[in-house]
Amino acid sequence: MVVLTVSMGLAEWLLYRYRGLSVAALRATATPAGFRLRSAGILVLCLLAYLAPLVPAALLTGAEPAVLLLIAATLWTALLLQAFGVAWPPAVVCLAAAGAVGALTLAGAGRDLFALSLCHGTAAAVLGAWALRALGRPSAHA
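What comes next is a walk through the structure. This structure is a prediction, so every number in the text was calculated from the model and none was measured.

Overview of the state of the cysteines
Inspection of the entire model under this criterion finds zero disulfides. This cysteine, Cys-46, is not joined by any disulfide, and Cys-94 carries the nearest cysteine sulfur, 19 Å off. Note on Cys-94: no disulfide assigned, nearest cysteine sulfur contributed by Cys-119 at a separation of 13 Å.

Topic: a nonpolar patch on the surface
Together, Leu-10, Trp-13 and Tyr-16 make up a nonpolar patch on the protein surface, roughly 350 Å² of accessible area in all. Mapped onto the elements, Tyr-16 comes out in helix H2 (residues 8-28).

Observations regarding the packing of H2 against helix H5 (residues 65-83)
As a packed pair, H2 and H5 sit with axes 10 Å apart at the nearest point and diverge in direction by 45 degrees. Taken together, the axes of H2 and H5 are oblique relative to one another. Where H2 crosses over H5, the handedness of that crossing is right-handed. Facing Met-8, Ala-11, Leu-14, Leu-15, Tyr-18 and Arg-19 of H2, the residues of H5 in contact are Trp-76, Leu-79, Leu-80 and Ala-83.

Re the layout of surface pockets
Its boundaries defined by the atoms lining it, the largest pocket holds a volume of some 240 Å³. Lining the largest pocket are Met-1, Val-2, Val-3, Thr-61, Ala-63, Glu-64, Val-67, Leu-68, Ile-71, Val-101, Leu-116 and His-120. Those elements giving two or more residues to the lining of the largest pocket turn out to be helix H1 (2-6), H5 and helix H7 (113-135). Per-element accounting of the lining of the largest pocket gives the leading share, three residues, to H5. Here the lining of the largest pocket is composed, by residue class, of nine nonpolar, two polar and one charged.

Digging into H5
The end-to-end C-alpha distance of H5 is 26 Å, a good match for the 27 Å that 19 residues give at a rise of 1.5 Å each. Where H5 is buried, its residues touch H1, H2, helix H3 (32-51), helix H4 (54-61), helix H6 (88-106) and H7. Count one or two residues on from H5 and you reach Gly-85, which has phi positive near 85 degrees.

What about the side chain of His-120?
With respect to the element layout, His-120 can be found in helix H7. Sequence-distant contacts of His-120, that is, excluding residues within four places in its chain, are made with Val-67, Leu-70, Ile-71, Thr-74 and Val-101.

Cut-offs and rules
Residues numbered from 1 in each chain as written. Predicted model: local features only at pLDDT ≥ 70, side-chain atom pairs only at ≥ 80, totals over all residues. Heavy atoms only, no water. Disulfide = S-S within 2.5 Å. Patch = residues over 30% accessible without salt bridge, like charges linked within 9 Å, V, L, I, M, F, W, Y side chains within 5 Å. Areas by Shrake-Rupley, 256 points an atom, 1.4 Å probe, with all protein chains shown as cover. Salt bridge = Lys/Arg side-chain N within 4 Å of Asp/Glu carboxyl O. Helix = DSSP H or I, 4+ residues; strand = E, 2+ residues; numbered from the N terminus. Axes fitted to C-alpha atoms, helices over the stretch in contact; angles between N-to-C directions. Parallel < 35°, antiparallel > 145°, perpendicular 65-115°, else oblique. Left-handed = near helix turned anticlockwise from the far one by under 90°. Contact = heavy atoms within 4.5 Å. 1 Å grid on protein atoms, 1.4 Å probe; cavity = no way out; pocket = protein on both sides within 12 Å on 5 of 7 lines; lining within 4 Å. Points joined across faces, edges and corners; volume = space filled by probe spheres on them. Nonpolar A, V, L, I, M, F, W, Y, C, P; charged D, E, K, R; others polar. Expected span 1.5 Å × (residues − 1).

The structure is reproduced here in structure tokens:
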């Protein structure tokens, strides 16, 4: 959790960069499909820029890198959607993931890395798809 807390400054800066790069992509494209493709590339670029420094930080602190990266991807994508005014879907997805992890912990599987990765990975995938759908429209950036 310390790694995620410290990384929030980078997360906020990348949200700002995503917005700027998306506006530039909006100006540079002539079709909605072209913008959607550029927007997806920008989303992946910013997410990878956020996740890359977390790998050595996880190894340095002894955290499991895969689970940490999935949690970080979920949180960053939720923050991105909230920055664009989409608040309820990320809240519901994060709550569902937290509930699933809590249920696994109560059931005694709280240390099962596959189960934790499945919960956090599903949340990250759902939020990623939602972000591509919501932020791939030019009107979201106008």
